[in-house]
Amino acid sequence: HVVLSPQEEDRGVWSSQLTHFTHAGLDAMFACRGDAAAPTHRSARANVLVLTCERLLLCTTGTWRLRKIVKLEDVQQVLVSEHSRTIFLLQARGSEDMLFDLGVRRHFLDELE
């Protein structure tokens, strides 16, 4: 259960569904054995990204179960490729790198600024 701060409530949130390829971590992504850790596991990789003025929240699609919280101050960089309009890598202090596929990536990056 996530409780928004007064500032988050006042400024609102932005959210979108995305594919989270590294939902079980980078090591599991490359050593997958066809189990729930596999980046292709449909239910595990389907997430909702919620952006507030203070945090990024990753929730499971459908249940809205909170999977991860990243403070915006901990975001070190967002890497994008010129070969894709949707894929990006998020690097944050205290967290493994996270690889996402987000159809509205440009909008997310604009909101993140």
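Predicted model only: the values in this text are computed from it and were never measured.

Caption draft 1: Summary view of the pairing of strand β5 (residues 75-80). The pairing of β5 with strand β6 (residues 87-92) spans five bridges and is antiparallel. Paired with V80 across the bridge in β6 is F88.

Caption draft 2: Inspection of the packing of aromatic side chains at higher detail. Going through the model one piece at a time under the given rule, you end up with three aromatic pairs. Ring geometry for F88 against F100: centres 5.3 Å apart, planes inclined by 45°, an arrangement best described as tilted. Of this pair, F88 sits in strand β6 while F100 is found in strand β7 (residues 98-101), placing the two residues 12 residues apart along the sequence. On the accessibility criterion, F100 (1% relative accessible area) is buried. Here the aromatic rings of F88 and F108 are separated by 5.3 Å at their centres, their planes lie at 25°, and the arrangement is stacked. With F88 in strand β6 and F108 in helix α4 (residues 105-112), the pair connects residues that are 20 residues apart, well separated along the chain. The class of F108 is buried, set by a relative accessible area of 1%.

Caption draft 3: Structural detail: unusual backbone geometry. Not every positive phi belongs to a glycine, and W64 is a case in point at roughly 60°. In this structure, W64 sits in the loop between β3 (55-60) and β4 (66-71).

Caption draft 4: Region of the structure containing the side chain of S95. When you line up the elements, S95 lands in the loop between β6 and β7. Among the polar contacts made by the side chain of S95, one reaches the side chain of K68 at a distance of 3.2 Å.

Caption draft 5: Region of interest: the nonpolar core. Ranked by internal contacts, the top residues of the largest apolar core, which has 16 residues, are L49, L56, L90, F100, L102 and F108. Within the residue set of this core, elements represented by two or more residues are β1 (14-20), β2 (46-51), β3, β6, β7 and α4. By residue number, the principal contributor to this core is β6, which donates three residues.

Analysis parameters
For every chain, the first residue of the written sequence is number 1, and numbering continues from 1 along that sequence. Per-residue local features are limited, in this predicted model, to residues with pLDDT of at least 70; the limit for side-chain atom pairs, both in listing and counting, is 80 or more; totals at the level of whole chains, interfaces and linings are taken over all residues. In computing side-chain properties, one takes all heavy atoms of the structure into account and sets aside hydrogens as well as water. Pairing between strands is defined by DSSP: at least two bridges between them are needed. A run of H or I in DSSP counts as a helix once it spans at least four residues, and a run of E counts as a strand once it spans at least two, with each numbered from the N terminus. The pairing test for Phe, Tyr and Trp rings, Trp by its six-membered ring, is centres within 6.5 Å, and the orientation test on the planes gives stacked under 30 degrees, edge-to-face over 60, and tilted for anything in between. For every residue, the accessible area obtained with a 1.4 Å probe (protein chains only) is divided by the maximum for its type, and the residue is called buried under 20%, exposed over 50%, and partly exposed between those limits. The term polar contact refers here to a pair of N or O atoms within 3.5 Å; inside protein, the definition further demands a hydrogen-donor-capable atom paired with an acceptor-capable atom, and it admits residues adjacent in sequence only when both atoms are side-chain atoms. Residues grouped as a nonpolar core are buried Ala, Val, Leu, Ile, Met, Phe, Trp, Tyr and Cys residues, joined through side-chain atoms within 4.5 Å.

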